[in-house]
Amino acid sequence: MHYVEIYYIEIKYVIHLILYIKGNYMKLQKLLSYTRRAIDCYSMIDDGDKIAVGISGGKDSLTLLYALAELRRFYPHKYELIAITVDLGFDNFNTNKVKTLCDNLNVPYYVVKTEIYDVVFNVRKEKNPCSLCAKMRKGALNDKISELGCNKVAYAHHKDDFIDTFLMSLLYEGRIHTFSPKTYLDRSELMVIRPLMYVSEGEVVSFEHEMDLPVIKSPCPADGNTKREYANITIKRLEEETPNCKNRIFAAIERGNIPGWPTKIEHPRITNKTN
């Protein structure tokens, strides 16, 4: 065995050990349990659904893809799954390894070529590019989803994203708001679902390392310099000062009667058996 391989294995072991100590160690069975819990509690999937997963190449979307692909094997409601990547036009954005993963999971994979990067950074020269980029990216994604005949799209927002968005809404908008577990988009006639809502960011990181997911590093020049990143850092600081505050904030979100938040089924499997 080469020294590089030994070094990689040792680093991977150390990462797993740290995540285990912090309570974030995540294997497939645990991921599927959390994912199914979200889907059942908020009735995210029905028989005959054709669900698109937007694949950015990051750890979150690849984890979601893996979870939904594996869940198909035993979930009582049968559904189709496809994966779509919107290529923003960055140089050296290689999706070959993602394609291999999709093939291994038996999920059809599509790449939508765009010039969004050029429009946002070179033509428009946006000082705050994230909003326009997200709008154009979602437009391109939704167009492909509609073309493929999907009725639902799964976004890879995890528990920390819900909490960060909640804090951002308080700080920058002065309102009580965050992502909803599921949202119907009237204009595109699509249902958005967020099956990773009970999975923490640390658990996603653990699963990425456990499964050696083919993560594509974001080439975006604005990556890491956003209000969301600030909110994420702030929440992490609060968690260090007040342990378990993230879980309490998330529990408050679920119980908070936020406008548009769907009704939660507290014991979905029992409820389904009695219906």
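Being a predicted model, the structure only gives us computed values, none of them experimental. (Residues numbered from 1 in each chain as written. Predicted model: local features only at pLDDT ≥ 70, side-chain atom pairs only at ≥ 80, totals over all residues. Heavy atoms only, no water.)

Q: So what exactly am I meant to see when it comes to unusual backbone geometry here?
A: Peptide bonds are trans in most cases, and residues, glycine excluded, mostly fall at negative phi. In this model, Asn-92 sits at a positive phi of 60°, which is unusual for a non-glycine residue. Secondary-structure assignment places Asn-92 in the loop between strand E2 (79–87) and helix H4 (96–104). Look at Glu-189: it is not a glycine, yet its phi comes out positive at around 55°. Note that Glu-189 resides in the loop between strand E5 (182–185) and strand E6 (190–193). (Helix = DSSP H or I, 4+ residues; strand = E, 2+ residues; numbered from the N terminus.)

Q: Please clarify how the sheet that holds E6 should be interpreted in this entry.
A: Here we have 6 strands laid out as an open sheet, ordered E3-E2-E1-E4-E6-E5, and mixed in their pairing. Edge positions in the sheet fall to strand E3 (109–113) and E5, since each of these pairs with one other strand and no more. Here the strands of the sheet are splayed against their neighbours by 25° on average, with no regard to which way each runs. The pairing of strand E4 (residues 152–154) with E6 spans 3 bridges and is classified as parallel. Directly across from Lys-152, in E6, lies its bridge partner Met-191. Lying over the sheet, helix H3 (residues 59–71) contacts strand E1 (49–54), E2 and E4, oriented at roughly 165° with respect to E2. (Pairing = 2+ DSSP bridges. Axes fitted to C-alpha atoms, helices over the stretch in contact; angles between N-to-C directions. Contact = heavy atoms within 4.5 Å.)

Q: What exactly am I supposed to notice about the pattern of salt bridges here?
A: When the charged atoms of two side chains with opposite charge come close together, those side chains can pair. One pass over the structure, following the stated rule, counts 16 salt bridges. With a shortest N-O distance of 3.1 Å, Arg-36 and Asp-40 are connected by a salt bridge. You can see Arg-36 and its partner Asp-40 sitting in helix H2 (residues 28–41), 4 residues apart, about one turn around the helix. Summarising the burial analysis for this pair, Arg-36 and Asp-40 share the class buried. For Asp-60, the salt bridge goes to Lys-59, with nearest N and O atoms at 3.7 Å. Since its relative accessible area comes to 18%, Asp-60 is described here as buried. (Salt bridge = Lys/Arg side-chain N within 4 Å of Asp/Glu carboxyl O. Buried < 20%, exposed > 50% of the residue type's maximum accessible area, 1.4 Å probe, protein only.)

Q: Explain the packing of H3 against helix H8 (residues 201–211) here, please?
A: Packed helix pairs are specified by the crossing angle of their axes together with the interaxial distance, meaning the distance between the axes. In the contact formed by H3 and H8, the axes pass within 10 Å of each other and the chain directions differ by 70°. In terms of axis orientation, H3 runs roughly perpendicular to H8. Two secondary-structure elements touch here, H3 through Lys-59, Asp-60, Thr-63 and Tyr-66 and H8 through Glu-201, Val-204, Val-205, Phe-207, Glu-208 and Met-211. Looking at the contact of H3 with H8 residue by residue, the class counts come to 5 nonpolar, 1 polar and 4 charged. (Parallel < 35°, antiparallel > 145°, perpendicular 65-115°, else oblique. Nonpolar A, V, L, I, M, F, W, Y, C, P; charged D, E, K, R; others polar.)

Q: What is the right way to look at the nonpolar core in this model?
A: Among soluble globular proteins, nonpolar side chains are generally buried collectively. Within the largest apolar cluster, 54 residues are counted, with the highest numbers of intra-cluster contacts made by Met-44, Ile-45, Val-53, Leu-65, Leu-68, Leu-81 and Met-197. It is H3 that provides the largest number of residues to this core, a total of 8 residues. Ignoring sequence-local partners within four residues, the contact set of Ile-45 consists of Ile-39, Ile-51, Leu-68, Tyr-75, His-77, Tyr-79, Lys-152 and Ile-193. Counting residues in each nonpolar core, the second largest holds 20 residues, with Leu-88, Val-120, Val-153 and Leu-190 among its members. (Core = buried A, V, L, I, M, F, W, Y, C linked by side-chain atoms within 4.5 Å.)

Q: I'm lost on the environment of Arg-137 in this one. Help?
A: For Arg-137, the location among the structural elements is in helix H6 (residues 130–147). Given the relative accessible area of 34%, Arg-137 is considered partly exposed. Arg-137 sits 23 residues away from Thr-114 along the chain, and the two C-alpha atoms are 8.7 Å apart. Sequence-distant contacts of Arg-137, defined by excluding residues within four places in its chain, comprise Val-86, Leu-88 and Ile-116.

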